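Here is how the chains run, residue by residue.
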Amino acid sequence: MEMNYTPRQIVAELDKYIVGQQEAKKMVAIALRNRWRAKQLPENVREEYVPKNILLIGPTGVGKTELARRLAKLMKAPFIKVEATKYTEVGYVGRDVDQMIRDLVENSVRMVKEEMLAAQEEKAMELANQRLLQILWPKKEDSAKGRKFNNPWEMLFNDSENEDTNEAEEAKTPAEDPDMSEKRAAFYEKLKNGLMDSREIEIEVEEAPKGFTGMLTGSTPDELSSNFQDMMENIMPKKKRKRRTTVGNARKIFSQEEGQKLLDMDTVTEKAVELAEKEGIVFIDEFDKIAGNNGRSGADVSREGVQRDILPIVEGATVSTKYGPVKTEHILFIAAGAFHVSKPSDLIPELQGRFPIRVELNSLKQEDFKAILTTPEQALLKQYHMLLKADNVTIHFMEEAIDKIAELAYRVNNETEDIGARRLHTILEKLLQDISFNAPPAEPVDVTITAAMVESQLGDIVKDVDLSNFIL
């Protein structure tokens, strides 16, 4: 899974999705590259290196969350986004700060499982095809494999007398005709090549046991309840239910079941914990909301308490999870906040010291809005074009119309509240409201959006600040 992009390559990849913010991109690229550099150090020095955590400062909608999310995707690293406001000081109602690490490990387990399932895909498919063959062209199995039990007790207390009887009956059955074996093999080839995928069959699918959640509590009720459910699933025999489906669909179901059986959960757990510890990225949003409130008391009394609870996690602690203990020393923490009311210096000094890299993200300019509309791989105008195309409406935006939309977004952000790129969603929804509502037309149509149309739809609203506040 290891990725060793250079800082320039990381920035080039981020440029495909995020407009501007070159300083922020450079800093996060360096922080990620330093992780790779640390792995090249001698072992005794490597343990001493800890990642330099990052504090992103800037208004909402300028790309802070997207920056962290794209980074994690690029590096194929376990990633979790949490809001600092979800956590409260011990003794207050709220979530335990350790939960962010448990969620990170869950993501890591999912990633490792997906990777290992992909590696075993061919084998799982082969086993699924064999199960399908047994349904479509049953072959008598030997007594040891073919013996079915009505319940778990019969399996445990099965008497040898019955077994001997079964073996005697099996001995009387004549061996399968060699011609039949050849026909069966030819049939299997047709089945494997998908020539029978549309045929309907009845299969048995496994059902997870239900009704065992919520019976235990512990370090966190959610976690121990989940642990107990896992335990019961391992003890209780899997229920099966009959289902009619096509051979093609049955193959998918069987290959998933066989893939799960091929997984070695001890290896998955071991790899996942190591991946979370060495590659994990935790993004803590709304960080400014837990900054100090200049000595004022009241409902926000727990702010400093949350900071003190987060501190040991960021400094380096061992968190117990259902997959075993997880050390947080080498996890990269990226905190983000607008810091309109509070300042980074309002955080407790110990926590400030744990976020040595400070990056200020700029408010978006008019040219940034234009770039967001047109340049990223999933640019907004491309999205709206594809959405309406599904209803036989093809929209084209004139160059001056795009300039006008960018100008209006910039003006509204300046005159009301600055919500960054999210303003474009509001403006485009209002602009395309009638076109979307009247779709689909009787016959496919082409619509060209001009600057005049943008002005007539939005001009009056933007000029009236009161209307802007309510509508845009």
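Within each chain, residues carry numbers counting from 1 in the order of the written sequence. The model is predicted, so local features are restricted to residues of pLDDT at least 70 and side-chain atom pairs to those at 80 or more, both for listing and for counting; the totals for chains, interfaces and linings are taken over all residues. Values shown for side chains rest on all heavy atoms present in the structure; no hydrogens or waters enter the calculation.

Next up on the list: the overall build of the protein chain. Within the protein chain, the regular secondary structure consists of 22 helices and 11 strands. Exposed residues in this analysis have more than 50% of their type's maximum accessible area, buried residues have under 20%, and partly exposed residues fall in between, with area computed by a 1.4 Å probe over protein chains only. Counting every position in the protein chain, which comprises 472 residues, the buried fraction comes to 39%. Considering only contacts within the protein chain whose residues lie at least 6 apart along the sequence, 78% involve residues at least 24 apart. Summed over all atoms, the accessible surface of the protein chain reaches about 26800 Å², with 51% contributed by carbon and sulfur. By definition, any uninterrupted DSSP run of H or I lasting at least four residues is a helix, any uninterrupted run of E lasting at least two residues is a strand, and each is numbered from the N terminus. The contact criterion used throughout is that any non-hydrogen atoms of two residues lie within 4.5 Å. Using a 1.4 Å probe, accessible areas were evaluated by the Shrake-Rupley method; residue-level cover was limited to the displayed protein chains.

What follows concerns helix α2 (residues 22-39). Over its 18 residues, α2 runs 26 Å from end to end, which matches the ideal 26 Å to within 8%, given 1.5 Å per residue. Those residues of α2 that fall on the buried side of the exposure criterion are A24, K25, V28, A29, A31, L32, R33, R35 and A38. Here a helix's expected span is defined as the number of its residues, less one, multiplied by 1.5 Å.

Before going further, it helps to spend a moment on the sheet that holds strand β8 (residues 332-337). Pairing in this open sheet of 5 strands is parallel, and the strands run β2-β5-β8-β1-β9 from one edge to the other. Both edges of this open sheet fall to β2 (79-83) and β9 (357-360), since each of them pairs with a single strand only. For this sheet the average axis-to-axis angle between neighbouring strands, irrespective of direction, equals 20°. A pair of strands is treated as paired once DSSP finds two or more bridges between them. In this sheet, β8 lies alongside strand β1 (residues 54-57) in parallel orientation, the contact comprising 4 bridges. Directly across from L56, in β8, lies its bridge partner A336. To get an axis, fit a line to the C-alpha atoms, keeping to the stretch in contact for a helix; angles then go from 0 to 180 degrees between the N-to-C directions.

Another point: the packing of aromatic side chains. Pairing of aromatic side chains requires ring centres within 6.5 Å, counting the rings of Phe and Tyr and the six-membered ring of Trp. Pairs whose planes differ by under 30 degrees are stacked, by over 60 edge-to-face, and all others tilted. Here the structure, examined in full by the defined rule, presents 2 aromatic pairs. Here the basic side chain of R33 rests over the ring of W36, its NZ or CZ set 4.0 Å away from the ring centre. We call a charge positioned above a ring when the Lys NZ or Arg CZ atom is no farther than 6 Å from the ring centre and deviates by at most 35 degrees from the ring normal. For R131, the ring lying beneath its charged end belongs to F254, and the centroid distance is 3.9 Å.

Viewed as axis vectors pointing N to C, helix α18 (residues 399-415) and helix α19 (residues 422-431) meet at an angle of 125°, and their least axial separation amounts to 10 Å. With respect to their mutual orientation, α18 and α19 come out oblique. Remark: the crossing between α18 and α19 carries right-handed chirality. Facing α18, whose interface residues are I405, L408, A409, V412 and N413, α19 presents R423, L424, I427, L428 and L431. When its residues are assigned to classes, the contact of α18 with α19 shows 8 nonpolar, 1 polar and 1 charged. Any angle that is under 35 degrees is reported as roughly parallel, and any over 145 degrees as roughly antiparallel; angles of 65 to 115 degrees are reported as roughly perpendicular and all others as oblique. Each crossing gets its handedness from the near helix: less than a right angle anticlockwise from the far helix is left-handed, clockwise is right-handed. Note on residue classes: Ala, Val, Leu, Ile, Met, Phe, Trp, Tyr, Cys and Pro are nonpolar, Asp, Glu, Lys and Arg are charged, and everything else, Gly too, is polar.

This part covers a nonpolar patch on the surface. Taken together, the side chains of L467, F470 and I471 present a nonpolar region at the surface, about 320 Å² in accessible area. Tracing the chain through its elements places F470 in helix α22 (residues 465-471). Residue F470 is classed as exposed on the basis of its relative accessible area of 76%. Residues enter patches when they are more than 30% accessible in relative terms and free of salt bridges; like-charged ones are connected within 9 Å and nonpolar ones (Val, Leu, Ile, Met, Phe, Trp, Tyr) within 5 Å. Criterion for a salt bridge: a side-chain nitrogen of Lys or Arg within 4 Å of a carboxyl oxygen of Asp or Glu.

Relative to the 18 Å expected for 13 residues at 1.5 Å per residue, helix α14 (residues 303-315) spans 18 Å between its end C-alpha atoms, a close match to the ideal helical length. Of the residues making up α14, those classed as buried are G305, V306, Q307, I310, L311, I313 and V314. Summarising the contacts, the buried residues of α14 are in contact with α5 (99-119), β5 (281-285), β6 (318-321), β8 and α15 (349-353). Immediately beyond the C-terminal end of α14, within one or two residues, lies G316, with a positive phi of roughly 130°.

Let's shift gears to the confidence of the model for the protein chain. Per-residue confidence from the predictor is reported as pLDDT, a score between 0 and 100. Residues at a pLDDT of 70 or more form 80% of the protein chain, whose mean pLDDT is 81. Of the regions scoring below 50 in pLDDT, residues 142-146 engages in 5 contacts with residues more than four places distant in sequence or in other chains.

Cis geometry is found at the peptide bond from A439 to P440, where omega equals 0°. Turning to its location among the elements, P440 is positioned in the loop between α20 (433-438) and β11 (445-449). Backbone geometry places N392, a non-glycine residue, at a positive phi of 60°. Inspection of the secondary structure assignment puts N392 in the loop between α17 (380-389) and β10 (393-397). For N392, a relative accessible area of 40% gives the class partly exposed.

So, about the packing of helix α1 (residues 7-15) against helix α4 (residues 64-75). Pairs of packed helices are described in terms of their axes, by the angle between the two and the distance that separates them. Close contact between α1 and α4 brings their axes to 10 Å; oriented N to C, the two are set at 120°. Considering the angle they form, α1 stands oblique to α4. Seen from above, α1 lies across α4 with right-handed handedness. Where α1 approaches α4, its residues I10, E13 and L14 are matched on the opposing element by L67, R70, L71 and L74. For the contact of α1 with α4, a count of residues per class yields 5 nonpolar, no polar and 2 charged.

In β6, alternate side chains face the same way, and those of V319 and T321 are buried while those of T318 and S320 on the opposite face are not. Strand direction decides the pairing type here: β6 and strand β7 (residues 324-327), joined by 4 bridges, are antiparallel. Bridge pairing in β7 places T321 opposite G324. The hairpin formed by β6 and β7 contains 2 residues between the paired strands.

Opposite charge on two side chains permits them to pair, given that their charged atoms come into close proximity. Enumeration over the complete set of coordinates arrives at 28 salt bridges. The partner of K81 in a salt bridge is D285, with the nearest N and O atoms 3.7 Å apart. Linking K81 in strand β2 with D285 in strand β5, this pair joins segments that are 204 residues apart in sequence. Between E407 and R411 there is a salt bridge; the shortest N-O distance is 3.9 Å. You can see E407 and its partner R411 sitting in helix α18, 4 residues apart, about one turn around the helix. For R411, a relative accessible area of 28% translates into the label partly exposed. One salt-bridge network, in which partners are shared between bridges, spans K404, E407, R411, E415, E455 and K463.

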